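# A look at the structure
The primary structure of each chain is shown beneath.
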Amino acid sequence: MPGAARPSVDLVVATVGRTNELDGLLGSLEAQTHPPTRVLLVDQNDDDRVAGLLASHPSLRIERVLSSPGLSRARNAALGLLGADLVAFPDDDCRYPPRLLEQVAARFAEDAALGVVCGRLEDEDGRATGRWGVERRRVGEDDVWHAGTSATIFARRAVVEEVGAFDEALGLGPDARFGSGEEIDYLVRALCSGARIEYDPALVVVHPVRPTTGDALVALGRRDGGSVGYVLGRHGYPASAVARMLVRPAVGVLVSLVRLDTTGARFHAATLRGRISGLRYGRSRR
């Protein structure tokens, strides 16, 4: 609506072990054409490494929140402090292009029924990182898997308050059973609450790409497979959806073997085992 006030934005940034990357994020937030209202910086470090860094960004209103390690636990520590109209969860090593929050605020201002909007990731050379669609669309439970990652999710505070805490069984951290998938679980729960979610590829977050190979790639498949299986089981996805998610890595194993790609075969096999294990555990927690 022309002339409507642009929504305010709180950012929840969980950080541990990083200073240079966090400095880059905060610098990009200072350059926003629609500045954030607050940055709720959830510090999981066991030292004061970020204290001096925060002082070097005086134009930002930063509130430091202490938390024990764990990504979902850290975000949960900040949820009770939210006060802005919108909420986002940037990674501590990503960067926001200068007009991103302006674009996000405009999307919510023009569509009162929009509950969550998800953007996409690009690396610093402008290349998409991951399988992101090229068209704007409404997101449902069947395609939520490729709709957003933590750093690209922007939600109304009312939706965040309705959905509640992140599942601490998911996300990076020493106590989480599955080291990823917290954002997908959150989006599924938002859908279940009745929120309308859209994917908009025009909303871009810059994030570095860290190539993963060999045993690390296999471990990634096991980790991410477990979190996908957990979400499927936890939320009671139908047998048809479960079958699709199990068939894909199984086919991946066969294709990799035909190509004599042993690492690829191990990766897909680990993904399949992870999904089956996560599915069982998720169903046990329903």
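In case you missed it, the structure is sitting above this.
Notes on the structure follow. Predicted model only: the values in this text are computed from it and were never measured. Note on numbering: residues in each chain are counted from 1, in written sequence order. Per-residue local features are limited, in this predicted model, to residues with pLDDT of at least 70; the limit for side-chain atom pairs, both in listing and counting, is 80 or more; totals at the level of whole chains, interfaces and linings are taken over all residues. Only hydrogens and water are set aside when side-chain values are computed; all heavy atoms of the structure are taken into account.

## Considerations on the pairing of strand β8 (residues 197–206)
As a reminder, the rule being used: Working definition: with a 1.4 Å probe on protein chains only, accessible area under 20% of the residue-type maximum means buried, over 50% means exposed, and in between means partly exposed. Starting at the N terminus, helices and strands are each numbered in turn, a helix being any DSSP run of H or I of at least four residues and a strand any DSSP run of E of at least two. For two strands to pair, DSSP has to find at least two bridges joining them.
Taking burial as the measure, the 10 residues of β8 include nine buried ones, the bulk of the element. Relative to β8, strand β5 (residues 116–122) is paired through six bridges, and the arrangement is parallel. Looking at the pairing, Arg120 lines up with Val204 of β8. In this structure, strand β6 (residues 137–139) lies alongside β8, joined through three bridges in antiparallel fashion. Across the sheet, the residue bridging to Arg138 is Glu198, located in β8.

## Brief notes about the nonpolar core
Basically, it comes down to this: Here, nonpolar core refers to any group of buried Ala, Val, Leu, Ile, Met, Phe, Trp, Tyr and Cys residues whose side-chain atoms link them within 4.5 Å. Contact definition: two residues touch when any of their heavy atoms are within 4.5 Å.
In this structure, Tyr96, Val144, Trp145 and Phe154 are the most contacted members of the largest nonpolar core, which totals 74 residues. Counting residues per element, this core draws most heavily on helix α6 (residues 182–192), which supplies six residues. The contact partners of Tyr96, leaving out residues within four places of it in the chain, are Leu11, Ser28, Leu29, Gln32, Ala88, Pro90, Leu101, Ala151, Phe154 and Val205.

## Concerning the sheet that holds β5
Just so we agree on the cut-off: Axis definition: a line fitted to C-alpha atoms, over the contacting stretch in the case of helices. Angles run 0 to 180 degrees between N-to-C directions.
Ordered in space as β3-β2-β1-β4-β7-β5-β8-β6, the eight strands form an open sheet in which the pairing is mixed. At either end of the open sheet lies a strand with only one pairing partner, and these are β3 (62–66) and β6. Strand-to-strand twist in this sheet, taken as the mean axis angle between neighbours without regard to direction, amounts to 30°. Two elements, strand β1 (residues 9–15) and strand β2 (residues 38–43), share six bridges in a ladder whose sense is parallel. When the sheet's bridge partners are listed, Thr15 is paired in β2 with Asp43. Sheet contacts for α6: β5, β6, β7 (153–156) and β8; angle to β8, the most-contacted strand, approximately 150°.

## Some words on the pattern of salt bridges
Opposite charge on two side chains allows them to pair when their charged atoms are near. To keep things clear, this is the line we draw: When a carboxyl oxygen of Asp or Glu is within 4 Å of a side-chain nitrogen of Lys or Arg, the pair counts as a salt bridge.
Enumeration over the complete set of coordinates arrives at 30 salt bridges. One salt bridge in this structure joins Arg210 and Asp93, with 2.8 Å as the shortest N-O distance. With Arg210 in the loop between β8 and α7 (214–234) and Asp93 in the loop between β4 (86–88) and α4 (100–110), this residue pair connects regions lying 117 residues apart in the sequence. For Asp93, a relative accessible area of 8% corresponds to the buried category. Among the salt bridges present, the one from Arg127 reaches Asp125, with a minimum N-O distance of 3.2 Å.

## Focus: the environment of Val228
Here Val228 shows up in helix α7. Separated by 50 residues in sequence, Val228 and Phe178 have C-alpha atoms that sit 9.3 Å apart. Val228 has contacts with Trp145, Met245 and Arg275, leaving out every residue within four places of it along the chain.

## A short note on a nonpolar patch on the surface
Stated precisely, the cut-off is as follows: The residues that make up patches have over 30% relative accessible area and no salt bridge, and they are joined within 9 Å when like-charged or within 5 Å when they are Val, Leu, Ile, Met, Phe, Trp or Tyr. Method for areas: the Shrake-Rupley scheme with a 1.4 Å probe, in which residue coverage is limited to the protein chains shown.
A surface patch of nonpolar side chains, about 210 Å² in accessible area, is lined by Val247, Val251 and Val255. Considering the arrangement of structural elements, one finds Val255 in helix α8 (residues 239–258).

## What about the packing of aromatic side chains?
For clarity, the threshold we go by: Stacked, edge-to-face and tilted are the three classes for Phe, Tyr and Trp ring pairs, Trp counted by its six-membered ring, which pair at centre distances within 6.5 Å; planes under 30 degrees apart are stacked, over 60 edge-to-face, the rest tilted. As a reminder, the over-ring test applies to NZ of lysine and CZ of arginine, requiring each to be within 6 Å of the ring centre and within 35 degrees of the ring normal.
Applying the stated criterion across every chain yields a total of eight aromatic pairs. Between Phe89 and Phe166, the ring centres sit 5.2 Å apart and the planes meet at 85°, which makes this aromatic pair edge-to-face. Remark: Phe166 occurs in the loop between α5 (157–163) and α6 and Phe89 occurs in the loop between β4 and α4; sequence separation between them is 77 residues. When sorted by exposure, Phe89 lands in the same class as Phe166, which is buried. An aromatic cluster is defined as three or more aromatic residues linked by ring pairs; in this entry it consists of Phe89, Phe166 and Tyr186. A cation sits over an aromatic face here: Arg75 above Phe166, 5.5 Å from the ring centre. The ring of Tyr281 carries Arg177 above its face, with NZ or CZ at 3.8 Å from the centroid.

## Some remarks on helix α9 (residues 262–284)
Threshold: A helix is expected to span 1.5 Å for every residue after the first.
For α9, with 23 residues, the first-to-last C-alpha span of 33 Å sits near the 33 Å given by 1.5 Å per residue. Within α9, the full set of buried residues consists of Gly264, Ala265, Ala269, Ala270, Thr271, Gly274, Arg275, Gly278, Leu279 and Gly282. On its buried face, α9 sits against α7 and α8.

## A look at unusual backbone geometry
Note: most residues except glycine have negative phi, and most peptide bonds are trans. The backbone of Leu260 sits at a positive phi, close to 60°, despite the residue not being glycine. Structurally, Leu260 can be placed in the loop between α8 and α9.

## Quick word on the packing of α8 against α9
Convention followed: These descriptions rest on fixed angle ranges, namely under 35 degrees for roughly parallel, over 145 for roughly antiparallel, 65 to 115 for roughly perpendicular, and the rest for oblique. Here a crossing is taken to be left-handed if its near helix is turned anticlockwise relative to the far helix by less than a right angle, and right-handed if that turn runs clockwise.
With their axes 7 Å apart at the nearest point, α8 and α9 run at an angle of 160° to one another. Comparing the axis directions of α8 and α9 gives the class roughly antiparallel. Once α8 is placed against α9, the crossing between them reads as left-handed. Residue-level contacts link Val242, Met245, Leu246, Pro249, Ala250, Gly252, Val253, Ser256 and Leu257 of α8 to Gly264, Ala265, His268, Ala269, Thr271, Leu272, Arg275, Ile276, Leu279 and Arg283 of α9.

Structural measurements only, silent on function.
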